Amino acid sequence: MDKIKWGILGTANIARWATIPGIKLAKNAELYAIAGRSLEKAKSFADEYGFQKYYGSYEELLKDREVQAVYIPLPNNLHKEWVIKALKAKKHVLCEKPLALNAAEAEEMFAAAKENGVNLMEAYAYLHSPYIKSLKDDIKSGIIGDVDFIDTAFVTQGYKEDIRLYKEMGGGAFYDLGCYCTTMILSIIDSEVAAVKACAEFTEKGVDEITTGFIRFKNGARASFNVGMNLGQNSNSRFDRLYIHGTKGCIKSDIEYNQAGKLSYQIITEKGVTERKIDVPQNYSLEITQLGECITCGAKPFVSPEFSIKNAKVMDAVFKEIGY
């Protein structure tokens, strides 16, 4: 199997605990180069994780002809700049969610990918999970009828000194967590959006810490979501919920979006309750593998440009509603 040589722009925590292990697990990927804001930081990562090369600037990594694909986990406000620079350097790109600060940026980034003949995919690792595939297969089977309502929540806490607390860096609960909820909703309800409503509570620094929204679709289906960075005082707890209502039954799940392991959800119909149990590997290895297949085999990105742009437009509508 051909192995794609991966470079990483930045030494973010998500690279440390999620994507670097994912690259190591993917059979078609090779952990090759790391770039940091300083040579010392990059060398530290290289020594710890086994990168073959390390660079003290992002530009140097992009000049490395051996690097075929790059993963970008930089702060949200830096995504557009470095994604486009990487695309122009003829690198395939996996960019951490949310890809862009707005739909116009997303469209510009995908246009740059097309112009340079390389792949760009937004990093929603959970969407690659067999758990999500099982959910969608059950819905497609008609076991709960036509989906007419979805409710989902992703609420965490414990944010102290964090880039997500600063507006100028694209911070806030909806940018960080709400994009999970909207992509979950859009992946299940296959219809154009008719209307979006939302409200939020803001911090003194001007970012939303709790946002609630409602989406109505042209096919009549509806969805609601709740996201937040301020659940309570216990910094170790979080709240996750997914409820999918159909005309013949419903599906209930309370797992974390990117969780791996033995996962389950309940299908509730007039015939009773059925529990599905699915073995889920490390999701980040799945998205690395899938983009590798796009590069070597011509597969289409699982998280498509059209899907990412549609989600970005929903996010734009929410931000307009809450005044962010």
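What comes next is a walk through the structure. Because the structure is predicted, anything quoted here is derived from the model rather than measured.

**Describing the side chain of Asn311**
Move 1: Structurally, the position occupied by Asn311 is in helix α9 (residues 305-322).
Move 2: Contacts of Asn311, omitting those with residues within four sequence positions, involve Tyr124, Cys179, Thr182, Thr183 and Leu186.

**Structural notes on the pairing of strand β1 (residues 4-9)**
Move 1: Among the six residues that make up β1, five are buried, leaving the element largely enclosed by the rest of the structure.
Move 2: Crossover β1 to strand β2 (residues 29-35) through helix α1 (residues 13-25) is right-handed.
Move 3: In terms of strand pairing, β1 meets strand β4 (residues 69-72) through three bridges, oriented parallel. Within β4, the residue paired with Ile8 across the bridge is Tyr71.

**Digging into α1**
Move 1: For α1, which comprises 13 residues, the first-to-last C-alpha distance of 18 Å matches the rise-based estimate of 18 Å (1.5 Å per residue) to within 8%.
Move 2: In the structure, α1 departs most strongly from a straight axis at Thr19, where the bend amounts to approximately 35° and where the proline Pro21 lies between one and four residues downstream.
Move 3: Of the residues making up α1, those classed as buried are Ile14, Ala15, Ala18, Thr19, Ile20, Gly22 and Ile23.
Move 4: Buried residues along α1 sit against β1, β2, α2 (39-49), β4, β5 (92-96) and α8 (283-297).

**Overview of the pattern of salt bridges**
Move 1: Counted by the stated rule, this structure contains 15 salt bridges.
Move 2: Where Glu108 meets Lys80, a salt bridge forms, and the shortest distance between an N and an O atom there is 3.0 Å. Note that Glu108 is positioned in helix α5 (residues 103-116) and Lys80 in helix α4 (residues 79-88), a separation of 28 residues in sequence.
Move 3: Relative accessible area serves as the criterion here: at 39%, Glu108 is assigned to the partly exposed category.
Move 4: Its salt-bridge partner being Lys97, residue Asp176 comes within 3.1 Å of it at the nearest N-O pair. With Asp176 in helix α7 (residues 173-188) and Lys97 in the loop between β5 and α5, this residue pair connects regions lying 79 residues apart in the sequence.
Move 5: Of the residues examined, Lys97 reaches a relative accessible area of 8% and is grouped as buried.
Move 6: The network of salt bridges with common partners includes Lys97, Arg164 and Asp176.

**Let's talk about the state of the cysteines**
Move 1: Evaluation of the coordinates by the stated rule reveals zero disulfides.
Move 2: With no disulfide of its own, Cys95 has Cys179 as its nearest cysteine by sulfur position, at a separation of 11 Å.
Move 3: For Cys199, which is in no disulfide, the shortest distance to another cysteine sulfur is to Cys181 and amounts to 14 Å.

What counts, and where the lines are drawn
- Residues numbered from 1 in each chain as written.
- Predicted model: local features only at pLDDT ≥ 70, side-chain atom pairs only at ≥ 80, totals over all residues.
- Heavy atoms only, no water.
- Helix = DSSP H or I, 4+ residues; strand = E, 2+ residues; numbered from the N terminus.
- Contact = heavy atoms within 4.5 Å.
- Buried < 20%, exposed > 50% of the residue type's maximum accessible area, 1.4 Å probe, protein only.
- Right-handed = clockwise from strand over helix to strand, strands pointing away.
- Pairing = 2+ DSSP bridges.
- Expected span 1.5 Å × (residues − 1).
- Bend = angle between axes of the 7 residues up to and from the residue.
- Salt bridge = Lys/Arg side-chain N within 4 Å of Asp/Glu carboxyl O.
- Disulfide = S-S within 2.5 Å.

The values reported here are purely geometric and, on their own, carry no functional implication.
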